[in-house]
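Commentary on secondary and tertiary structure
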Amino acid sequence: GQQLNQSPQSMFIQEGEDVSMNCTSSSIFNTWLWYKQDPGEGPVLLIALYKAGELTSNGRLTAQFGITRKDSFLNISASIPSDVGIYFCAGPNSNNNDMRFGAGTRLTVKP
Amino acid sequence: NAGVMQNPRHLVRRRGQEARLRCSPMKGHSHVYWYRQLPEEGLKFMVYLQKENIIDESGMPKERFSAEFPKEGPSILRIQQVVRGDSAAYFCASSSYRVQNTEAFFGQGTRLTVV
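Just so we're clear, the structure is a prediction, and the values are computed from it rather than from any experiment. (Residues numbered from 1 in each chain as written. Chains lettered and ligands numbered in written order. Predicted model: local features only at pLDDT ≥ 70, side-chain atom pairs only at ≥ 80, totals over all residues. Heavy atoms only, no water.)

A separate point is the overall build of chain B. Along the backbone of chain B there are zero helices and eleven strands. Taken from the N to the C terminus, the helices and strands of chain B come in the order β-β-β-β-β-β-β-β-β-β-β. Whereas a compact globule of 115 residues would reach a radius of gyration of roughly 13 Å, chain B reaches 13 Å, a difference of no more than 12%. Once the C-alpha set of chain B is aligned to its principal axes, its extents read approximately 40 × 25 × 25 Å. A burial count over chain B gives 44% of its 115 residues as buried. A total of about 5,800 Å² of accessible surface is found on chain B, and carbon and sulfur atoms cover 46% of it. Here chain B holds 17 positive side-chain charges and 11 negative ones, and the gap between their average locations is 6 Å. (Helix = DSSP H or I, 4+ residues; strand = E, 2+ residues; numbered from the N terminus. Rg over C-alpha atoms; globule rule 2.2 N^0.38 Å. Buried < 20%, exposed > 50% of the residue type's maximum accessible area, 1.4 Å probe, protein only. Areas by Shrake-Rupley, 256 points an atom, 1.4 Å probe, with all protein chains shown as cover. Lys, Arg positive; Asp, Glu negative; His and termini not counted. Charge placed at Lys NZ, Arg CZ, Asp CG, Glu CD.)

Listed below in structure tokens is the structure:
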């Protein structure tokens, strides 16, 4: 089945720094979704991308849908402590019946 | 709050008991998905349902697990004769269309602990 590979697995950064994480796949995706999960909570949708090459922002977050449709990145600018959490990329399975998730990037922000 | 509602938030069951997890989708959403998350791992798809129909249950164990989404009321994930390995967070998501065309929104999850 389609696999989503996220990197890095974890990041430890200082408050105020910018963050970049990405997601790659061996298969083409028609949609890329980025979610954030806080401890003990469900994933919350951050950004949805629907077109190859699309660049979308949501506040300090920016995500891009790769031209090849096999990758996407998420950038966070000027990180703050509440950015701590796990960031997941996701995309529709090839049968379009569900979403496949990457293993996540765990972000720690030191004040 | 018109979001996806799951209950209970926490559920403790002894080995051999049954666990029933409930999910009320967002208003207007007729597509429901159940996922399981083990500690330190991503979300694994279990089952996709529309009203009164199971569309895809390829991610659900063949035994002891079942799901339904009746015409009226919430979607239910049922785990019979629970074992310690069933301990996990179970998340429900809903969407207005199939996920290739729209986003899915998640509930806060039910954390099942089997003792």
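Next comes the rest of the description.
Glancing now at the interface of chain B and chain A. Taken residue by residue, the interface counts 25 residues in chain B and 22 residues in chain A. Summed over the shared surface of chain B and chain A, the result is one salt bridge. For the salt bridge of Glu 41 of chain A with Arg 9 of chain B, the shortest nitrogen-to-oxygen distance reads 3.9 Å. Elements with a contribution of two residues or more to the side of chain B that touches chain A: β4 (31-37), β5 (43-50), β6 (53-56) and β10 (105-106) of chain B. Looking at the side of chain B that touches chain A residue by residue, the class counts come to eleven nonpolar, seven polar and seven charged. (Contact = heavy atoms within 4.5 Å. Salt bridge = Lys/Arg side-chain N within 4 Å of Asp/Glu carboxyl O. Nonpolar A, V, L, I, M, F, W, Y, C, P; charged D, E, K, R; others polar.)

Attention now moves to the pairing of strand β6 (residues 55-58) of chain A. All names here are of chain A. Pairing geometry for β6 and strand β7 (residues 61-65), over four bridges, is antiparallel. Across the sheet, the residue bridging to Ser 57 is Thr 62, located in β7. The hairpin formed by β6 and β7 contains two residues between the paired strands, and Gly 59 there has a positive phi angle of roughly 65°. (Pairing = 2+ DSSP bridges.)

Here we come to the side chain of Thr 110 of chain B. Considering the arrangement of structural elements, one finds Thr 110 of chain B in strand β11 (residues 110-114). One polar contact links the side chain of Thr 110 of chain B to the main-chain carbonyl oxygen of Pro 8 of chain B, over a distance of 2.5 Å. (Polar contact = N/O pair within 3.5 Å; in protein donor to acceptor, adjacent residues only side chain to side chain.)

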